[in-house]
Amino acid sequence: MTERKDALGDQTERGEGFIYPQSRALLERACRVIPGGIYGHFGPPPCVPPEAYPFFSDWAEGARFRDVDGHEFIDYMCAYGPMILGYKNPVVDEAFRTQAAKSDTGTLAAPVMVELAEYLCELVPIADWAFFAKNGADVTNLAVMTARAATGRRKIIAIRGGYHGTTPWMQSPGHHGLIPDDWAHVIRIPWNDVNALKQALEENAGDVAGFISSPYHHPVFADNELPAPGYWDQVSQLLRKHDVVFIIDDVRAGFRLHLGGSNEWYGFKPDMICFSKAMGNGYPISALVGMESLRKDVGRVFHTGSFWFGAGPMAAALATLKELKRLNAPALLRKTGEKLLNGMVEVARSHGYNLKVSGEPSMPYLRITDDPTLTLHQYWCAECTRRGAYFTSHHNWFISTAHTDQEIRETLDICDAAFKAVKKRFGNGTAI
Amino acid sequence: MGADILQARLNLEVVLGLLAEVANSDLLFRERSRAWNETIWFKALGGPAGWIRFAPEGASHGHGKPNHPTISLLLFSAIHLNRMFRNEGLPPIPVKGIGRISFLKKEFTELGTRLQTLTRPGVTFRNREEEHLSTRLMLTAAVKAVPVLAEEEMVCAKLAAATPEGIMEIASLDGGFSGWIKKENGRFTSGLGKPEQVTARMLFRDLEAARIVLTGKEAGFAAIGLGLTRIEGLIPLVDNVSLIMDRLERYLA
């Protein structure tokens, strides 16, 4: 901590911040043996400007991680969602260790799989069954296959800008490695647009297998949007009318809004829910849960993976869910998020900036509205990161139960210093 | 949309531009081309038209019909035009400037061969200037091709439709290249030089860094992390334009 505070002082004086020689050296090594060095959402492109960000870390605990150069950060990305109870949570880690000491990935399924499924079916009101895998995309794929198996139809309706993993059907046209057939049966409609859904259902009558959506709209590079009043009721009615399977992709928001699934928070009932990320507090696991009416169909779909029966992550998930319940985590996360966000908006205002918060307080999306090119926001996030509050600029952040008042106070101090730096550099103008 | 029209427009709107750039910048042609005084008009029946002009003040190009062409070439179709650019098939019909056909056969063909040499993968350059010209040609091709691809290619049209409006600057920080791509009212335009306004930037550390990225020696993600390139501003604009640019290699290898 001393190092960070010293650096902060230096930054305020000289407009400088953390530098990352070890991260850079490691990236150079990585580039020689790993295409792109670091791929996917952990890669450098979301880090603008990249020199403000570390690329490798080797320690994490609670709400903090340390990069390979020894800088400590309060983490608002939480591994992009999986961390919800804090890194190295003793309860979860002990559950994993205890199970792994008995068996983890083996030749047969472990009893803990049944125990976890029973617990999920108790916890999640719509769940009459559960199916486990590793990543979110494993279960969004299974959900879509189940919808097709149940209906004998081809088309899937999804929300424009919605993310359901990187399987070809889920990606936008034009990305490398895709062919037009991949998206031939995916219809994208705008969020909160019941008429567009109605039109898509009518134009493809008898050919729509499923509708998949996150419980609220949390795209990247755009303000997040909550469901309009009555939206989910109208969607549910339309889907029932057309016998279309209703899938909620709760991979990102799951257990952060409501322990019974985010649909419970918004008051509606889908046919299936996809969970992952927070479910195991960092241990690799995902789940598809669903209603009785789809039990036969999901049971007929062949879908499996080498590590999907790993018992350790299942034990960790069971402990995570019980711990989330004990803490009443969704309420705690909301309260912590509100405290942080109200403070940040106020700090921004004191420097003459308008910081817009959208989405849910436990998974907020922020944007400085004073610059339509987003560059000012990018530089502010970078200045915060260089001072020890790890923010990426165009993805929603995540709040964990490990973010304490102490972390919030430190973060607000960092935000204040970062706004000063941005003001000093760009004045009242935009950054581009 | 059709593959032949797309290829024809790339030949007329991109390749002719590259030929003009070689005439203006290449050591072997810079002085020589100033002595030429020719305006060649290429017209494909039922397809696009374009021109290239060589004059003492420099070479230029454009689409449509030029003022006062000295050579007018009629091509039966976009396919015919594309074959001509590949040195295949029937020669074009000169409807004007039949006496100047020797220019096409000698000087213009030599210029084309030089362009091929400069843009050939793995070519060994004689000096740094030649390498930089080659890199500028690659960047120029990418910038000029975006509007054509966005209008004529199915996948690019989908990408274009999903691209936010704005102006993207693409430049090397050593001053070796500057260009822009704009999406406004649903339509793409592009040009060389520094744009007046910018919504997003794709910057290369220098032309050497640009070459490393353009030739695929370093992947785009890595290039950002290693400081070879920088993107900022409205990144979805950069992302989608980059994907459109990536598809150019399918048509102009």
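Within each chain, residues carry numbers counting from 1 in the order of the written sequence. Key to labels: chains lettered from A, ligands numbered from 1, both in the order written. Residue-level local features of this predicted model are given only where pLDDT is at least 70; pairs of side-chain atoms are given and counted only at 80 or more, and the full residue set underlies all totals for whole chains, interfaces and linings. Based on all heavy atoms of the structure, the side-chain values leave hydrogens and waters out of the count.

**Details of the overall build of chain B**
Right, on to step 1. Labels follow the DSSP assignment, with helices taken as runs of H or I lasting at least four residues and strands as runs of E lasting at least two, numbered in each case from the N terminus. For chain B, the count of helices and strands is 9 helices and 10 strands.
Right, on to step 2. Using C-alpha atoms as the atom set, the radius of gyration is obtained and then compared with a globule rule of 2.2 Å times the number of residues to the power 0.38. A compact globule built from 253 residues should have a C-alpha radius of gyration of about 18 Å, and chain B, at 18 Å, falls within 12% of that.
Right, on to step 3. With respect to the three principal axes, the spread of C-alpha positions in chain B is 55 × 40 × 30 Å.
Right, on to step 4. Residues counted as buried form 55% of the 253 residues belonging to chain B.
Right, on to step 5. Once local pairs closer than 6 in sequence are excluded, the contacts in chain B between residues at least 24 apart make up 67%. Relative accessibility decides the category of a residue: with a 1.4 Å probe and only protein chains considered, values under 20% of the type maximum give buried, values over 50% give exposed, and everything between is partly exposed. Residues count as neighbours in contact if any of their non-hydrogen atoms are within 4.5 Å of one another.

**A word on the interface of chain A and chain B**
Right, on to step 1. Listed as interface residues are 32 residues of chain A and, on the opposing side, 24 residues of chain B.
Right, on to step 2. Summing both partners gives a buried area of about 2200 Å² for chain A against chain B, and 70% of it is carried by carbon and sulfur.
Right, on to step 3. For any pair of parts, buried area is found by adding up, for both, the accessible area (1.4 Å probe) each one loses once the two are put together. It is Pro45(A), Phe221(A) and Ile432(A) in chain A that bury the most area against chain B; as a group they hold 24% of the surface buried on that side.
Right, on to step 4. Criterion for a salt bridge: a side-chain nitrogen of Lys or Arg within 4 Å of a carboxyl oxygen of Asp or Glu. At the boundary of chain A with chain B, the tally comes to 1 salt bridge.
Right, on to step 5. Between Glu51(A) and Arg230(B) there is a salt bridge, and its shortest N-O distance comes to 2.1 Å.
Right, on to step 6. When contributions to the side of chain A that touches chain B are tallied by element, the ones reaching two or more residues are helix 2 (21-33) and helix 12 (375-387) of chain A.

**Details of helix 10 (residues 311-327) of chain A**
Residue and element names in this part refer to chain A.
Right, on to step 1. The end-to-end C-alpha separation of helix 10 is 24 Å, in line with the 24 Å expected for 17 residues at 1.5 Å each.
Right, on to step 2. Across the 17 residues of helix 10, 13 count as buried, placing the element largely inside the fold.
Right, on to step 3. Asn328 sits one or two residues past helix 10 and shows a positive phi near 50°. Here a helix's expected span is defined as the number of its residues, less one, multiplied by 1.5 Å.

**Some words on the nonpolar core**
Right, on to step 1. Throughout this description, the term nonpolar core refers to a set of buried Ala, Val, Leu, Ile, Met, Phe, Trp, Tyr and Cys residues connected via side-chain atoms within 4.5 Å. In this structure, Phe211(A), Trp232(A), Met279(A), Met344(A), Trp380(A) and Phe391(A) are the most contacted members of the largest nonpolar core, which totals 109 residues.
Right, on to step 2. Each residue touching Met279(A), except ones within four places of it in the same chain, is listed here: Leu116(A), Leu120(A), Phe132(A), Phe255(A), Ile285(A), Ser286(A), Ala287(A), Ala317(A), Thr320(A) and Leu321(A).
Right, on to step 3. Counting residues in hydrophobic clusters, the runner-up holds 76 residues, among them Ile71(B), Ile101(B), Val143(B) and Met168(B).

**Focus: the confidence of the model for chain B**
Detailed conclusions should not be drawn from predicted coordinates in areas where pLDDT is low.
Right, on to step 1. The quantity known as pLDDT measures the predictor's confidence residue by residue, on a range of 0 to 100. Mean pLDDT over chain B works out to 94, with 99% of the residues at or above the 70 mark.
Right, on to step 2. Prediction confidence for the complex, expressed as pTM and ipTM, is 0.92 and 0.89 respectively.

**Examining the sheet that holds strand 9 (residues 272-275) of chain A**
Residues and elements named next belong to chain A.
Right, on to step 1. An order of 4-10-9-8-7-5-6 is seen for the 7 strands of this open sheet, with the pairing classed as mixed. In this open sheet, the two strands that pair with only one neighbour each are strand 4 (129-133) and strand 6 (186-189). Strand-to-strand twist of the sheet, defined as the mean angle between neighbouring strand axes without regard to direction, takes the value 20°.
Right, on to step 2. Judged from the 5 bridges that link them, strand 4 and strand 10 (residues 286-290) form a sheet pairing that is antiparallel. Within strand 10, the position partnered with Ala130 by the bridge is Val289. Pairs of strands are assigned from DSSP output, requiring at least two bridges between the strands. Interaxial angle, 0 to 180 degrees, is taken between N-to-C directions of lines fitted to C-alpha atoms, where a helix line uses only the stretch in contact.

**A look at the packing of helix 12 of chain A against helix 13 (residues 405-426) of chain A**
All names here are of chain A.
Right, on to step 1. Packing of helix 12 against helix 13 brings their axes to within 8 Å, and their N-to-C directions diverge by 130°. The angle between helix 12 and helix 13 falls in the class oblique. Where helix 12 crosses over helix 13, the two elements pack in a sense that is right-handed. Between helix 12 and helix 13, the residues in contact are Leu376, Tyr379, Trp380, Glu383, Cys384 and Arg387 and Ile414, Cys415, Ala417, Ala418, Phe419, Ala421, Val422, Arg425 and Phe426, respectively.
Right, on to step 2. Classifying every residue of the contact of helix 12 with helix 13 gives 12 nonpolar, no polar and 3 charged. Roughly parallel means an angle under 35 degrees; roughly antiparallel, over 145; roughly perpendicular, 65 to 115; everything else is oblique. The crossing is said to be left-handed when, going from far helix to near helix, the turn is anticlockwise and less than a right angle, and right-handed when the turn is clockwise. When residues are sorted by character, Ala, Val, Leu, Ile, Met, Phe, Trp, Tyr, Cys and Pro go into the nonpolar class, Asp, Glu, Lys and Arg into the charged class, and all the rest, Gly among them, into the polar class.

**Quick word on the sheet that holds strand 3 (residues 58-63) of chain B**
All names here are of chain B.
Right, on to step 1. Spatially, 5 strands are ordered 3-2-1-4-5 in an open sheet, and the strand pairing comes out mixed. At either margin of the open sheet sits one strand with a lone partner, and together these are strand 3 and strand 5 (93-96). Between one strand and the next, the sheet's axes are offset by a mean angle of 20°, whatever the strand orientation.
Right, on to step 2. Pairing between strand 2 (residues 49-55) and strand 3: 6 bridges, direction antiparallel. From the neighbouring strand, Phe54 faces strand 3, where its bridge partner is Ala59.
Right, on to step 3. Here helix 1 (residues 3-25) sits on the sheet and contacts strand 1 (38-44), strand 2 and strand 3; the angle it forms with strand 3, its principal contact strand, is near 175°.
Right, on to step 4. Along the sheet, helix 4 (residues 101-119) contacts strand 1, strand 2, strand 4 (71-75) and strand 5; its crossing angle with strand 1, the most-contacted strand, is approximately 90°.

**Brief notes about a nonpolar patch on the surface**
All names here are of chain B.
Right, on to step 1. Two joining distances apply to patches: 9 Å for like charges and 5 Å for nonpolar side chains (Val, Leu, Ile, Met, Phe, Trp, Tyr), and every residue must have over 30% relative accessible area and no salt bridge. The Shrake-Rupley method, run with a 1.4 Å probe sphere, supplies the accessible areas, and residue values consider only the shown protein chains as cover. On the surface, Leu45, Phe76, Leu90, Ile93 and Val95 cluster together to form a nonpolar patch covering roughly 470 Å² of accessible area.
Right, on to step 2. Inspection of the secondary structure puts Phe76 in the loop between strand 4 and helix 3 (78-85).
Right, on to step 3. Judged by relative accessible area, Phe76 falls into the partly exposed class, the value being 45%.

**Focus on the side chain of Glu72(A)**
Right, on to step 1. By secondary structure assignment, the location of Glu72(A) is in strand 3 (residues 72-75).
Right, on to step 2. Between N or O atoms, a polar contact is any pair within 3.5 Å; within protein, one atom must be a potential hydrogen donor and the other a potential acceptor, and residues adjacent in sequence are included only when both atoms are from side chains. At 3.5 Å, the side chain of Glu72(A) and the side chain of Arg64(A) are in polar contact.

**Quick notes on the pattern of salt bridges**
All names here are of chain A.
Right, on to step 1. Per the counting criterion, the structure on display carries 42 salt bridges over all chains.
Right, on to step 2. A salt bridge links Glu410 to Arg64, with the nearest nitrogen and oxygen atoms 3.0 Å apart. One end of the pair, Glu410, is in helix 13; the other, Arg64, is in strand 2 (residues 64-67), and 346 residues separate them in sequence.
Right, on to step 3. For Arg64, a relative accessible area of 11% gives the class buried.
Right, on to step 4. In this structure, a network of salt bridges that share partners links the residues Arg64, Arg66, Glu72, Glu407 and Glu410.

**Let's talk about unusual backbone geometry**
Right, on to step 1. Residues Val48(A) and Pro49(A) are joined by a peptide bond in cis, for which omega reads -10°.
Right, on to step 2. Among the secondary structure elements, Pro49(A) is positioned in the loop between helix 2 and strand 1 (57-61).
Right, on to step 3. Positive phi, close to 75°, is recorded for Leu374(A), a residue that is not glycine.
Right, on to step 4. With respect to the helices and strands, the residue Leu374(A) is situated in the loop between strand 12 (363-368) and helix 12.
Right, on to step 5. For His68(B), which is not a glycine, the phi torsion comes out positive at approximately 50°.
Right, on to step 6. Among the structural elements, His68(B) can be located in the loop between strand 3 and strand 4.

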